[in-house]
Number of protein chains: 2
Amino acid sequence: MNQVAQNPIGIFDSGLGGISVVRAMMELLPDERLIYFGDTARVPYGSKSNETVRRFSRQIVNFLLDHQVKMVVVACNTASAIALDDLRGRWNLPIIGVIEPGATAAVNKSPSNRVGVIGTTSTIHSGAYEKALLTRNPNLNIQSKACPLLVPLVEEGWPEDDVLTGVLERYLSGYKQSPVESLILGCTHYPYLKEAIQRVIGPDVNLIDSGEETARMVQDILIEKSMAHTPVGQDAARKHHFYVSDFPQRFQETASRFLGRPLENLFRIELEVLESYSVG
Amino acid sequence: MNQVAQNPIGIFDSGLGGISVVRAMMELLPDERLIYFGDTARVPYGSKSNETVRRFSRQIVNFLLDHQVKMVVVACNTASAIALDDLRGRWNLPIIGVIEPGATAAVNKSPSNRVGVIGTTSTIHSGAYEKALLTRNPNLNIQSKACPLLVPLVEEGWPEDDVLTGVLERYLSGYKQSPVESLILGCTHYPYLKEAIQRVIGPDVNLIDSGEETARMVQDILIEKSMAHTPVGQDAARKHHFYVSDFPQRFQETASRFLGRPLENLFRIELEVLESYSVG
C-alpha cells in the first residue's frame, strides 16, 4: 500500500472563495481528507505585488506540508496565476492550480473556438486565462469581462432576485451580442451564481466551473500516482480541517453557506505563527 | 503677508475616492492650489494591518511635504481612523481627517440623537465613526450599516436605475423601520450616490457628506491661522497636481468622472521612489 495515500490533500485560497473547490472535491472524492487554509487576514491577493503573493503562497504551502499533505490545490485564481511556477520549482509534490483545469475544459467544450471568461478585475487584467487558453489552442476567440460586483453580491448572500438578474444582464450583455460556446467562471465565488448565470446567458452556453474541473484533475492525478485514499474506517475521510488567519464578520455564516453544511474543525492561525515557518 | 499661505494643500487617499473631497474643496476654496496623491497601487487600505496603513500614510505625507504643502487632508476613512494620531504626533502642520468633520456635522444636525452611518465593511467594522460620534455626544443612538456593494457600483459608473435602487433599498431598509435624523456617508465614494440615497431614504434625513464637511473645516482653519491663499494671478489657483502610484484600468475615465472635469497635471510616482523618501 502506498503510505502517502493515507495523507490529506491541502487546499488554500486568499479567503473563503476556495471553499467552492472544497465542496467540489468533497463531492467527487468523498474518501479524501482535506486541510483548507483561507488567508482571511490578508485577503485580497489581487491587489498585492507578485512577490508578496508568492511569499504568502510559500508560507501557506509550508504550513500545509507540516500537516503531511500529499498534494496541494491552489484554489485561488491570483495565486494560481502568479505563484504556481514558483511553488512547483520549490517542492516535489503535485501542486494544482484552478486556471489550467478550467482552460482545458473550455477548450474541449468549444468546437468553434468561441470562449468567454468572467472574473475579478485583477484576474481579468492579469490575462492568466487568455494565456492558458491560447497555449492550448492559439485559434481561440476569447472574450473576457471583469465583473467586480459579483464577489460582494455572493458574500452578501441576498436571495436571487431582480438585483442579481439586473447586474448579470449588464455584465453578460456582450455575450448575447457575440455568443460564446463556453464561459469560464474564473472566480471561485461564481459557482454560487451558476443557475442565475445560466438563466441570463441562455441554455446553449457551457458554464465551466473551475472548482469541479480542478476536482476532476485531482482525481486523475490520485489514480495515476496510486495516491487515492483507501478508507480504513467509517469516519476516516470526514476529518477535514479548516484554518483561517482571521475571523471576519459573519465568517461562520458565510463559510457554512459556501460549504453547504456547518464547518467543523475550524481553527484560527496567527499570522505571526505563519511568519515563523521557515520558507523553503 | 503670511508666506506659507501661498503654498498648496496636500490631500491623499488610498485610491480615487478622495477625489470627491478634492471636488468639494475646489468648490468651496477656488483660490487654493491642491496636490492630490492616490495610492492606487496599494488600494485598498481597509484590509491592511494598522502598522502598514500608518507606514504608507507617513510615506505619503513625506511626499506631500516635499511639495511644500501648508496643510494635509487625509481623504481616506481607513487612514483617518488609524493613522491620524500618528501623523499629528510627527509633524507640526494642520492634519485633517474626514471622520471628525462628518461626526461633528451629524451631531449638530440630529437634535433627537438618532444618527446613521454607512460605509465599507472595514470602516464600519473599525467603529471609528461610533467612537468619534460618542465622544461628541454620549447619548447618541447610532445605527451603522456596512454597504460593500456601493464602491464597485460607483466605480462601474452605470446609469442610475433599478439595480442601484434595488441595492440601496436593501441596505437602507433598517433606516425605514427605525428612522434617523442624519445619515453619515462614511465613504468618499458615496457622495456620487447622494441623490439616489436621498430618494430611497426619504427627504427628511440629513445626508452628511464628509467631503463637504471636511472642506468647511479646512476653510475655518485657513481663516483662523491666516493661511488662506491670496490670488496673485488669474491661473494661480488652477494649477492642481494629481499623483497616483499606479494607473489602473479605465483610470482616466473614472477619475475625470469623479472630478467632474478632465484631470490635468497627472503624474505617476513609482512606489520604489516613494519608499526611498525618509520617513520622519
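Residues numbered from 1 in each chain as written. Chains lettered and ligands numbered in written order. Predicted model: local features only at pLDDT ≥ 70, side-chain atom pairs only at ≥ 80, totals over all residues. Heavy atoms only, no water.

Draft legend 1. Expanded view of the overall build of chain A. The secondary structure content of chain A amounts to 13 helices and ten strands. For 280 residues, the compact-globule estimate of 2.2 N^0.38 gives 19 Å, and chain A sits close to it at 18 Å. Dimensions along the principal axes, computed over C-alpha positions, put chain A at roughly 50 × 40 × 40 Å. Taken across its 280 residues, chain A has 56% of its residues classed as buried. Summarising the internal contacts of chain A: among those between residues at least 6 apart in sequence, 76% fall at separations of at least 24. Within chain A, one finds 27 positive and 32 negative side-chain charges whose respective centroids are separated by 3 Å. (Helix = DSSP H or I, 4+ residues; strand = E, 2+ residues; numbered from the N terminus. Rg over C-alpha atoms; globule rule 2.2 N^0.38 Å. Buried < 20%, exposed > 50% of the residue type's maximum accessible area, 1.4 Å probe, protein only. Contact = heavy atoms within 4.5 Å. Lys, Arg positive; Asp, Glu negative; His and termini not counted. Charge placed at Lys NZ, Arg CZ, Asp CG, Glu CD.)

Draft legend 2. Representation of the sheet that holds strand β3 (residues 71-74) of chain B. Residue and element names in this part refer to chain B. Taken together, the six strands give an open sheet; going across it, the order is β4-β3-β1-β2-β9-β10, and neighbouring strands pair in parallel fashion. The two strands at the open ends of the sheet, each matched to only one other strand, are β4 (95-97) and β10 (266-268). The sheet shows a mean angle of 20 degrees between the axes of neighbouring strands, direction not considered. In the sheet, strand β2 (residues 34-38) pairs with strand β9 (residues 241-244) via four bridges, with the strands oriented parallel. Its bridge partner being in β9, Phe 37 is matched across the sheet by Tyr 243. Against the sheet, helix α1 (residues 19-28) touches β1 (9-13), β2, β3 and β9, its axis set at about 170 degrees to β2. (Pairing = 2+ DSSP bridges. Axes fitted to C-alpha atoms, helices over the stretch in contact; angles between N-to-C directions.)

Draft legend 3. Region of interest: the relation of the copies chain B and chain A. Once chain B has been moved 0.0 Å along the axis and rotated by 180 degrees, it coincides with chain A to within an RMSD of 0.0 Å. Read as a symmetry element, the transformation amounts to a two-fold axis. Closest approach to the rotation axis within chain B is made by the C-alpha atom of Val163(B), at a distance of 2.6 Å. Both copies contact each other with a shared surface, as 100% of the interface residues of chain B are interface residues in chain A too. (Least-squares fit on C-alpha atoms with pLDDT ≥ 70 in both.)

Draft legend 4. Representation of the confidence of the model for chain A in the model. Residues and elements named next belong to chain A. Looking at chain A, the pLDDT average stands at 90 and 93% of residues meet or exceed 70. Confidence drops under a pLDDT of 50 for residues 276-280, and excluding neighbours within four residues, the segment shows ten contacts in the predicted structure. Model confidence for the complex: the whole-complex pTM is 0.87, and ipTM, which rates the interface, is 0.82. (pLDDT = per-residue confidence, 0-100.)

Draft legend 5. Highlighting the interface of chain B and chain A. Each partner contributes to the interface: chain B provides 20 residues, whereas chain A provides 20 residues. Summing the contributions of chain B and of chain A, the shared interface buries around 1,800 Å²; its carbon and sulfur component is 62%. Inspection of the chain B/chain A interface yields two salt bridges. The residue Asp161(A) makes a salt bridge to Arg170(B) at a minimum N-O spacing of 2.1 Å. Here chain B is connected to chain A by four residue pairs in polar contact (both at pLDDT 80 or more). The set of elements that each furnish at least two residues to the side of chain B that touches chain A consists of α6 (121-126), α8 (150-156) and α9 (162-177) of chain B. Sort the elements by how many residues they give to the side of chain B that touches chain A and α9(B) lands first, with five residues. Residues belonging to the side of chain B that touches chain A are distributed by class as follows: twelve nonpolar, five polar and three charged. (Buried area = accessible area lost by both parts, 1.4 Å probe. Salt bridge = Lys/Arg side-chain N within 4 Å of Asp/Glu carboxyl O. Polar contact = N/O pair within 3.5 Å; in protein donor to acceptor, adjacent residues only side chain to side chain. Nonpolar A, V, L, I, M, F, W, Y, C, P; charged D, E, K, R; others polar.)

Draft legend 6. Expanded view of the packing of aromatic side chains. All names here are of chain A. What the rule picks out here adds up to 14 aromatic pairs over all chains. Taken together, Phe 37, Phe 63, Tyr 243 and Phe 267 form an aromatic cluster joined through their ring pairs. We note Arg 42 situated over the ring of Phe 56; from NZ or CZ to the ring centre the distance is 3.5 Å. (Phe/Tyr/Trp six-rings, centres within 6.5 Å; stacked < 30°, edge-to-face > 60°. Lys NZ or Arg CZ within 6 Å of the ring centre and 35° of its normal.)

Draft legend 7. Fine view of the pattern of salt bridges. Residues and elements named next belong to chain A. Tallying each qualifying case throughout the model produces 28 salt bridges over all chains. In this structure, Glu 212 and Lys 194 form a salt bridge, with 2.9 Å as the shortest nitrogen-oxygen distance. Taken together, the positions of Glu 212 in helix α11 (residues 210-224) and Lys 194 in helix α10 (residues 194-201) put the pair 18 residues apart, joining distant regions of the chain. For Glu 212, a relative accessible area of 33% translates into the label partly exposed. Connected via shared salt-bridge partners are Glu 51, Arg 54, Arg 58, Asp 86 and Arg 90.

Draft legend 8. Spatial organisation of the domain arrangement of chain A. Residues and elements named next belong to chain A. For chain A, the assigned domains are domain 1 (4-97 + 213-275) and domain 2 (100-210). For domain 1 versus domain 2, the distance between C-alpha centres works out to 23 Å. The largest contributions to the domain 1 side of the interface with domain 2 come from Asn 77, Glu 213 and Phe 258, which together make up 39% of the buried area. Put simply, domain 1 and domain 2 have two salt bridges between them. Glu 213 serves as the salt-bridge partner of Lys 109, at 3.9 Å between the closest nitrogen and oxygen. Elements with a minimum of two residues in the side of domain 1 that touches domain 2: α1 (19-28), α3 (77-82), α4 (84-90), β4 (95-97), α11 and α12 (251-259). (Domains from an automatic or database assignment.)

Draft legend 9. Main features of the packing of α1(B) against helix α12 (residues 251-259) of chain B. Residue and element names in this part refer to chain B. At a minimum axis distance of 8 Å, the contact between α1 and α12 shows a crossing angle of 35 degrees. Judged by the sense of rotation from one axis to the other, the crossing of α1 with α12 is right-handed. Across the interface between the two elements, Ile 19, Val 22, Arg 23 and Met 26 of α1 pack against Ala 255, Arg 257, Phe 258 and Leu 259 of α12. Taken together, the residues of the contact of α1 with α12 sort by class into six nonpolar, no polar and two charged. (Left-handed = near helix turned anticlockwise from the far one by under 90°.)

Draft legend 10. The arrangement of the side chain of Ser110(B) in detail. Summarising the element assignment, Ser110(B) is placed in the loop between α5 (99-108) and β5 (114-119). Dropping the residues within four chain positions of it, Ser110(B) is found in contact with Val115(B), Glu181(B) and Ser182(B).

Draft legend 11. Quick peek at the pairing of strand β7 (residues 182-185) of chain B. Residues and elements named next belong to chain B. The alternating pattern of β7 places Ser 182 and Ile 184 and Leu 183 and Leu 185 on opposite faces, both of which are buried. One ladder, built from four bridges, connects β5 with β7; its direction is parallel. Each bridged residue has a counterpart across the sheet, and for Val 117 the counterpart in β7 is Ile 184. When β7 meets strand β8 (residues 206-209), the two strands line up parallel, connected through four bridges. Its bridge partner lying in β8, Leu 185 is registered against Asp 209.

Draft legend 12. Highlighting the sheet that holds strand β7 (residues 182-185) of chain A. Residue and element names in this part refer to chain A. Spatially, β6-β5-β7-β8 is the arrangement adopted by the four strands of the open sheet, whose pairing is parallel. Edge positions in the sheet fall to β6 (141-146) and β8 (206-209), since each has one partner strand and no second. Each adjacent strand pair in this sheet contributes to an overall mean axis angle of 20 degrees, direction not counted. In this fold helix α9 (residues 162-177) packs onto β5 (114-119), β6 and β7, with an angle of close to 165 degrees to the strand it touches most, β6. Where α11 meets the sheet, its contacts fall on β7 and β8, and the angle it forms with β8 comes to roughly 60 degrees.

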